[in-house]
Amino acid sequence: MIAALPQDRKLRTAMLAVLGVLAMTGLAFASVPLYRLFCQVTGFGGTTMRAEAAPGAVDGKITVAFDSNVSPALTWKFKPELASDTISIGARDMAFYTATNTGTVPITGTATYNVTPEAAGKYFSKIQCFCFTEQTLQPGETVRMPVIYFVDPKILKDPDTKDIAKITLSYTFYPVDSAKPKG
């Protein structure tokens, strides 16, 4: 019976190690969607909020600059139609981005976004957006993608954001792994 104890300990240690590896693997796969959810709820890292409708314009204007980036692995040109727009705080507004597949094969991409300065993220709300939606473009195809948004009037009352005059909305397109050509 005494000889069985070291075997039981080795087995228990091995089982705990396997469970630890499985837990870490599961956490690795869940971390991206959990982080995205956390950022959308809190505005952390310049992540914008989601909303159904704008509250309505108040006294005050703010400039929104539009930025675009494309992963080197994606054969697209991607840019905003306007470099910036001065809008009424609280009013619903719309901006357009244009994407063109400059490659020779269809390719699917998806966009991530952020807002700077970071403190403005929780006050920048999107009603409609193309982010996190897979976009497949045929060779030479160009699409226009709208973003409907507003800046929450609460930005004027927050001591950390009341003096912000310009917010930058930035999108980066990446290829979707499942859409990569086989070969």
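Residues numbered from 1 in each chain as written. Predicted model: local features only at pLDDT ≥ 70, side-chain atom pairs only at ≥ 80, totals over all residues. Heavy atoms only, no water.

Re the overall build of the chain
Stage number 1. Within the chain, the regular secondary structure consists of one helix and ten strands.
Stage number 2. Secondary structure elements in the chain, listed N-terminal to C-terminal, are α-β-β-β-β-β-β-β-β-β-β.
Stage number 3. When each of the 183 residues of the chain is scored for burial, the buried share is 36%.
Stage number 4. Contacts in the chain between residues far apart in sequence, at least 24 positions, make up 77% of those at least 6 positions apart. (Helix = DSSP H or I, 4+ residues; strand = E, 2+ residues; numbered from the N terminus. Buried < 20%, exposed > 50% of the residue type's maximum accessible area, 1.4 Å probe, protein only. Contact = heavy atoms within 4.5 Å.)

Side note on the sheet that holds strand β10 (residues 166-175)
Stage number 1. In spatial order, the strands read β4-β2-β10-β6-β8; together these five strands make up an open sheet with mixed pairing. Pairing within the sheet leaves two strands with one partner each, and these edge strands are β4 (84-88) and β8 (135-137). For this sheet, the mean inter-axis angle between neighbouring strands, taken without regard to orientation, is 30 degrees.
Stage number 2. Inspection of the sheet shows strand β6 (residues 107-116) paired to β10 by eight bridges, in the antiparallel sense. Its bridge partner lying in β10, Tyr-113 is registered against Tyr-171. (Pairing = 2+ DSSP bridges. Axes fitted to C-alpha atoms, helices over the stretch in contact; angles between N-to-C directions.)

Overview of the confidence of the model for the chain
Stage number 1. Averaged over the chain, the pLDDT score is 84; the fraction of residues at 70 or greater is 79%.
Stage number 2. Element-level pLDDT for the chain is lowest in strand β1 (residues 49-50), with a mean of 60, against a maximum mean of 97 in strand β3 (residues 76-80).
Stage number 3. Here residues 179-183 scores under 50 on pLDDT; set against residues more than four positions off or in separate chains, the count is two contacts. (pLDDT = per-residue confidence, 0-100.)

Topic: the side chain of Ser-68
Stage number 1. Along the polypeptide, Ser-68 turns up in strand β2 (residues 61-70).
Stage number 2. By relative accessible area, Ser-68 is classed as buried at 19%.
Stage number 3. Engagement of the side chain of Ser-68 in a polar contact is seen with the backbone oxygen of Phe-78, the distance being 2.9 Å.
Stage number 4. When sequence neighbours within four positions are dropped, the list of residues in contact with Ser-68 reads Phe-78, Lys-79, Pro-80, Tyr-97 and Tyr-171. (Polar contact = N/O pair within 3.5 Å; in protein donor to acceptor, adjacent residues only side chain to side chain.)

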